Amino acid sequence: MKTMSNIASSALIFVGIGHTITDLTSPKTEAQNDFLLKMKEFTIEILGTETNIFSFHQGYSLMMGLLLFGYGLLNILISKNNKESGLPTNILVLNSIVCFASLLLSIRYFFVVPIVLTGIAFTGYTISLIKNKK
């Protein structure tokens, strides 16, 4: 079921792009700017490198967008290389597990857009897995 896995992969690409764009372009209120300033003032040392909570948070956020985009694109490229069969079963199993965990984390910590997109990814990979088993 190559189409469903491509839809699932595309959902991950969209959530990765959306996450990054939102992170970089969202307007900040005065209260948010005050909080960001406090985050910048709160320094931490990790393995001999001094940084601040804002940089750490920003780095995690940008890395998340990049990795979601890359994970989705990697799956499309694997599927493209397996023209006749799509994604192998072991990769579909991994994708279903990762997307299910992502869906649960999205439900717990985020809002409707990442919940819907990770839900689409989980559903798409799971349907592909079930169809692949038949």
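These numbers were taken from a predicted model, which means no experiment stands behind them.

Trainee: Summarise the side chain of S61; cite the residues concerned and give the values.
Mentor: Residue placement: S61 occurs in helix α3 (residues 53-81). When residues no more than four places from it in sequence are discounted, the contact partners of S61 are H19 and D23.

Trainee: Outline the nonpolar core, listing residues and values.
Mentor: If you look at the biggest cluster of nonpolar residues, it comprises 12 residues: A8, A11, L12, V15, L68, L87, L92, C99, L117, A121, Y125 and L129. Within the residue set of this core, elements represented by two or more residues are α1 (2-25), α4 (89-109) and α5 (112-133). Residues within four places of L129 in sequence aside, it is in contact with T89, L92, V93 and S96.

Trainee: So what's going on with the packing of aromatic side chains? Which residues, and what values?
Mentor: Throughout the structure, instances matching the rule amount to two aromatic pairs. Taking the centre distance of 5.1 Å and the plane angle of 80° together, the rings of F56 and Y60 count as edge-to-face. Taken together, the residues F56 and Y60, both in helix α3 and four residues apart, mark about one turn of the helix. Classification of Y60 by relative accessible area gives exposed; the value is 56%. Centroid distance F100 to F122: 5.2 Å. Interplanar angle 45°. Geometry classified as tilted. Of this pair, F100 sits in helix α4 while F122 sits in helix α5, and the two are 22 residues apart along the sequence. Directly above the aromatic system of F54 lies the positively charged group of K40, at a separation of 4.8 Å from the ring centroid.

Trainee: Any details on the confidence of the model for the protein? Residues and values, ideally.
Mentor: In this model, the protein carries an average pLDDT of 93, and 99% of its residues clear a pLDDT of 70 or more. Between the elements of the protein, mean pLDDT differs from a low of 92, seen in strand β1 (residues 43-46), to a high of 97, seen in α4.

Trainee: Before we move on, could you go through a nonpolar patch on the surface and cite the residues and values that matter?
Mentor: Nonpolar side chains collect at one region of the surface, where I7, L105, Y109, F110, F111, V112, V113, V116 and I120 lie side by side and expose about 890 Å² of accessible area between them. Counting residues per element, the ones that place at least two in the nonpolar patch are α4 and α5. Considering each element in turn, the nonpolar patch owes the most residues, four residues, to α5. Among the structural elements, V116 can be located in helix α5.

Trainee: Give me the lowdown on unusual backbone geometry, citing residues and values where you can.
Mentor: Positioned with a positive phi, L47 is a non-glycine residue whose angle comes to about 50°. Inspection of the secondary structure assignment puts L47 in the loop between β1 and β2 (49-52).

Conventions adopted
- Residues numbered from 1 in each chain as written.
- Predicted model: local features only at pLDDT ≥ 70, side-chain atom pairs only at ≥ 80, totals over all residues.
- Heavy atoms only, no water.
- Helix = DSSP H or I, 4+ residues; strand = E, 2+ residues; numbered from the N terminus.
- Contact = heavy atoms within 4.5 Å.
- Core = buried A, V, L, I, M, F, W, Y, C linked by side-chain atoms within 4.5 Å.
- Buried < 20%, exposed > 50% of the residue type's maximum accessible area, 1.4 Å probe, protein only.
- Phe/Tyr/Trp six-rings, centres within 6.5 Å; stacked < 30°, edge-to-face > 60°.
- Lys NZ or Arg CZ within 6 Å of the ring centre and 35° of its normal.
- pLDDT = per-residue confidence, 0-100.
- Patch = residues over 30% accessible without salt bridge, like charges linked within 9 Å, V, L, I, M, F, W, Y side chains within 5 Å.
- Areas by Shrake-Rupley, 256 points an atom, 1.4 Å probe, with all protein chains shown as cover.
- Salt bridge = Lys/Arg side-chain N within 4 Å of Asp/Glu carboxyl O.

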